[in-house]
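Topology and contacts: notes
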Amino acid sequence: MFALRHRPSRETSRSRLSLFARLAAAAVAGGLLAGCMAMDVASLAEAPKLSSKVKAEMAARKMKPESPVLVRIFKQESELEVWKVDASGRYALFKTYPMCRWSGKLGPKTKSGDRQAPEGFYHVSAGMLNPNSQYYVSFNLGYPNRLESALGYSGEALMVHGACSSSGCYAMTDQGVGEIYAIVQKALEGGQDRFQVQAYPFRMTTENMAKHKGDPNMPFWRTLKEGYDAFAFTKRQPKVSICGGRYVFNKEFVDSEPSDPLAACPATVDGAPSDVMAKIGAEQKKLDAAFVNATPVSSFAYVDGGMHPSFRSLLKQQGAKGMAARISRTKYPVSRPEAALADPYDD
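What counts as what
Residue numbering note: each chain is counted from 1, following its sequence as written. Side-chain atom pairs in this predicted model are given and counted only at pLDDT of 80 or more, local residue features only at pLDDT of at least 70, and totals for whole chains, interfaces and linings cover all residues. As a convention, hydrogens and water are excluded, and side-chain values are obtained from all of the structure's heavy atoms. Comment: elements are numbered from the N terminus, with helices defined as DSSP H or I runs of at least four residues and strands as E runs of at least two. Classification of residues uses two cut-offs on accessible area relative to the type maximum, computed with a 1.4 Å probe and protein chains only: under 20% is buried, over 50% is exposed, and between them is partly exposed. Contacts: residue pairs with any heavy atoms within 4.5 Å of one another. Each aromatic pair joins two rings of Phe, Tyr and Trp (for Trp, the six-membered one) with centres within 6.5 Å, and gets the label stacked for planes under 30 degrees apart, edge-to-face for over 60, and tilted for any other angle. Here, a charge over a ring means that NZ of Lys or CZ of Arg falls within 6 Å of the ring centre while also lying within 35 degrees of the ring normal. Two strands are counted as paired when DSSP detects at least two bridges linking them. Fitted lines through C-alpha atoms serve as axes, helices being fitted only where they are in contact, and the angles separating the N-to-C directions of these axes extend from 0 to 180 degrees. We define a salt bridge as a side-chain nitrogen of Lys or Arg found within 4 Å of a carboxyl oxygen belonging to Asp or Glu. Expected helix span is computed as 1.5 Å times (number of residues minus one). By definition, the arc is the one covered by directions from the helix axis to the C-beta atoms. Throughout, a disulfide means two cysteine sulfur atoms within 2.5 Å of one another.

1. Digging into the overall build of the chain
A tally of regular secondary structure across the chain gives nine helices and 14 strands. Counting the 347 residues in the chain, one finds 52% classified as buried. Considering only intrachain contacts with a sequence separation of at least 6, the fraction spanning at least 24 residues in the chain is 64%.

2. Quick notes on the packing of aromatic side chains
Counted by the stated rule, this structure contains 13 aromatic pairs. Ring centres of Tyr200 and Tyr228 lie 5.3 Å apart, and the angle between their planes is 90°; on these two criteria the pair is classed as edge-to-face. Within this pair, whereas Tyr200 is found in strand E10 (residues 194–200), its partner Tyr228 is found in helix H6 (residues 218–234), the two being separated by 28 residues in sequence. Among the residues examined, Tyr200 registers a relative accessible area of 0% and is labelled buried. For Tyr228, a relative accessible area of 11% puts it in the buried group. The positively charged end of Arg203 is found above the aromatic ring belonging to Phe74, 4.1 Å away from the centroid.

3. Some words on the sheet that holds strand E2 (residues 79–85)
A sheet is described by the order of its strands in space; here five strands give the open sequence E3-E2-E1-E10-E5, paired in mixed fashion. Since the sheet does not close on itself, it has two edges, and those belong to strand E3 (91–98) and strand E5 (120–125), each with one partner. Each adjacent strand pair in this sheet contributes to an overall mean axis angle of 20°, direction not counted. Sheet topology note: the E2/E3 ladder contains seven bridges and is antiparallel. Paired with Leu80 across the strands is Tyr97, a residue of E3.

4. Focus: the pairing of strand E7 (residues 136–140)
Judged by how many residues are buried, E7 sits mostly within the fold: five of five residues are covered. Here strand E6 (residues 129–133) pairs with E7 via three bridges, running antiparallel. Within E7, the residue paired with Leu129 across the bridge is Phe139. Linking E6 to E7, which pair antiparallel, is a turn of two residues. Bridging between E7 and strand E8 (residues 159–161) involves three bridges; their strand directions are antiparallel. Each residue of the ladder has a partner; that of Asn140, found in E8, is Met159.

5. Some words on the pattern of salt bridges
Within this structure, the stated rule accounts for 15 salt bridges. With a closest N to O distance of 3.0 Å, Glu57 and Lys95 form a salt bridge. Taken together, the residues span a long stretch of sequence, with Glu57 in helix H2 (residues 52–60) and Lys95 in strand E3 at a distance of 38 residues. Between Glu257 and Lys239 there is a salt bridge, with the nearest N and O atoms lying 2.4 Å from each other. Taken together, the residues Glu257 in the loop between strand E13 (252–253) and strand E14 (268–269) and Lys239 in the loop between H6 and strand E11 (240–243) connect sequence positions 18 residues apart. Among the charged side chains, a salt-bridge network with shared partners connects Arg72, Glu79, Glu81 and Arg203.

6. Overview of helix H7 (residues 274–293)
For H7, which comprises 20 residues, the first-to-last C-alpha distance of 30 Å matches the rise-based estimate of 28 Å (1.5 Å per residue) to within 8%. Where H7 is concerned, the buried positions are Val276, Ile280, Glu283, Gln284, Leu287 and Phe291. Projected down its long axis, H7 shows its buried positions confined to an angular sector of 100°, all on one face. Exposed side of H7, more than 90 degrees from the buried face: Ser274, Lys285, Val292 and Asn293 are the residues found there. For H7, the secondary structure elements touched by its buried residues are helix H5 (206–211) and H6.

7. Side note on the state of the cysteines
Under the criterion given, the structure shown has two disulfides. Here Cys100 engages in a disulfide with Cys164; their sulfurs sit 2.1 Å apart. The disulfide joining Cys100 to Cys164 has a torsion of about -90° about its S-S bond and is therefore left-handed. Highlighted residues: Cys100 in the loop between E3 and strand E4 (101–102) and Cys164 in the loop between E8 and strand E9 (170–171), separated in sequence by 64 residues. Across this residue pair, the class does not change: Cys100 and Cys164 are buried.

This is the structure in structure tokens:
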């Protein structure tokens with residue numbers, strides 16, 4: 001899924017701005033789905049900026065617009081979280097955004113054309129933000145990362161973007177991605193070198209993991225859970241290293257960071273505080289115990305990805321064309337709407 005750049009003429013730009021303004025006005029007149037439209041629709045007529053409303057929400061949570069940001073993505077729940085450093089110096093949840101569309105199924109992306117949205121740990125710098133995407137605005141996750149490249153995984157231009165169309169990307173609607181884009185851009189302008197994106201198949205609780213214990217991706221997911229737990233217990237961004245063909249979290253190495261992602265991990269020195277390591281170890285033992293008697297749930301055979309329940313309701317009410325007109329400034333079509341409404345969902 002590519003984010004295309006173009007240079008429209010002045011006449012075309014004026015025409016488009018007029019069109020976007022009319023679309024925005026129409027959307028306001030028609031009303032918005034409560035709780036889903038995270039950004040003022042009127043602002044879709046211009047490049048996304050941090051609104052006074054968002055700034056006020058940050059101030060109420062003792063966060064500054066320029067403070068560091070971290071993003072977490074959950075496929076099964078179809079949600080994206082934005083975390084920011086607050087007055088405590090640690091990350092706190094700023095807002096959870098409903099995801100309009102992701103494609104594929106639970107599990108990592110391994111090859112071009114598999115429609116899989118990626119899972120793993122990524123780092124996004126300012127150069128990976130695209131203000132001229134064909135899906136309004138976007139940022140590139142950087143897939144394949146070093147681990148994925150070493151494992152021979154293929155694919156490119158995997159994005160978080162607007163509209164409600166996915167072929168391996170995470171589509172947030174124009175309103176949602178506009179606000180997210182403005183937040184992460186402000187953090188990068190404020191001095192954050194790059195922000196971390198943690199993409200998971202689901203919220204990695206013991207209960208959810210046990211439900212999926214028979215999935216062939218479980219060894220990989222258990223590794224992801226180590227990073228998930230490291231963040232949950234500290235509210236600090238985990239340091240991500242790659243060696244032994246896997247992610248390694250919060251480790252300090254005797255000589256230097258591992259250079260070969262597939263080679264055995266070199267010797268380490270004490271890194272994370274012992275109490276944190278103890279909590280992570282206890283969580284792993286808890287998971288082992290849960291697996292003993294867990295009955296795997298077989299209802300997660302996705303036809304093609306998912307959609308947040310709020311958007312599924314909108315899709316049922318207004319149809320694919322009506323929904324596209326409300327969440328995309330260009331009325332970009334909803335991808336595979338029939339699949340978005342299919343099992344494994346229960347209403």
